[in-house]
Amino acid sequence: MQERGFTLIERVEVIVIPGVLAATALPRFVDLSSEARTSKLAAARGSVV
């Protein structure tokens with residue numbers, strides 16, 4: 001019985017596709033974190049005043 005592994009193309013796809021998805025999603029999450037900090041600061045100001 002001959003064992004078959006993954007081809008080089010399949011391995012590259014497994015690395016490249018999640019990398020592309022992460023590169024497109026990362027700026028959105030970074031933007032959301034800055035908005036969350038701004039909202040948190042506004043809430044803190046509102047509770048003090």
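What you see is a predicted model; the values in this text were computed from it and never measured.

A.B. asks: Just checking my understanding: could you explain the overall build of the protein chain for this structure?
C.D. replies: Broken down by element type, the protein chain carries 1 helix and 0 strands. Each principal axis of the C-alpha distribution contributes one length, and for the protein chain these read about 75 × 20 × 5 Å. Within the protein chain, the proportion of its 49 residues that are buried is 0%. Accessible surface, the protein chain as shown: approximately 5000 Å² in total, 67% of it carbon and sulfur. Where the 6 positive side-chain charges of the protein chain centre and where its 5 negative ones centre are 12 Å apart.

A.B. asks: I'm lost on the environment of Ala-36 in this one. Help?
C.D. replies: Within the fold, Ala-36 resides in helix 1 (residues 8-48). Considering only alpha carbons, one finds Ala-36 and Ala-23, 13 residues apart in sequence, at a separation of 21 Å.

A.B. asks: How do you make sense of a nonpolar patch on the surface when you look at a structure like this?
C.D. replies: Taken together, the side chains of Leu-8, Val-12, Val-14, Ile-15, Val-16 and Val-20 present a nonpolar region at the surface, about 590 Å² in accessible area. Under the relative-accessibility criterion, Val-12 is labelled partly exposed at 42%.

A.B. asks: What am I meant to see in helix 1 here?
C.D. replies: What sets the pattern is the α-helix's 3.6 residues per turn: residues three or four places apart point alike. When the terminal C-alpha atoms of helix 1 are compared, their 60 Å separation across 41 residues agrees well with the 60 Å that a helix rising 1.5 Å per residue should span. Bending of helix 1 peaks at approximately 30 degrees at the position of Ala-25, with proline Pro-27 no more than four residues after it.

Rules used in this analysis
Residues numbered from 1 in each chain as written. Predicted model: local features only at pLDDT ≥ 70, side-chain atom pairs only at ≥ 80, totals over all residues. Heavy atoms only, no water. Helix = DSSP H or I, 4+ residues; strand = E, 2+ residues; numbered from the N terminus. Buried < 20%, exposed > 50% of the residue type's maximum accessible area, 1.4 Å probe, protein only. Areas by Shrake-Rupley, 256 points an atom, 1.4 Å probe, with all protein chains shown as cover. Lys, Arg positive; Asp, Glu negative; His and termini not counted. Charge placed at Lys NZ, Arg CZ, Asp CG, Glu CD. Patch = residues over 30% accessible without salt bridge, like charges linked within 9 Å, V, L, I, M, F, W, Y side chains within 5 Å. Salt bridge = Lys/Arg side-chain N within 4 Å of Asp/Glu carboxyl O. Expected span 1.5 Å × (residues − 1). Bend = angle between axes of the 7 residues up to and from the residue.

As far as function goes, none of this settles anything; it's purely spatial.
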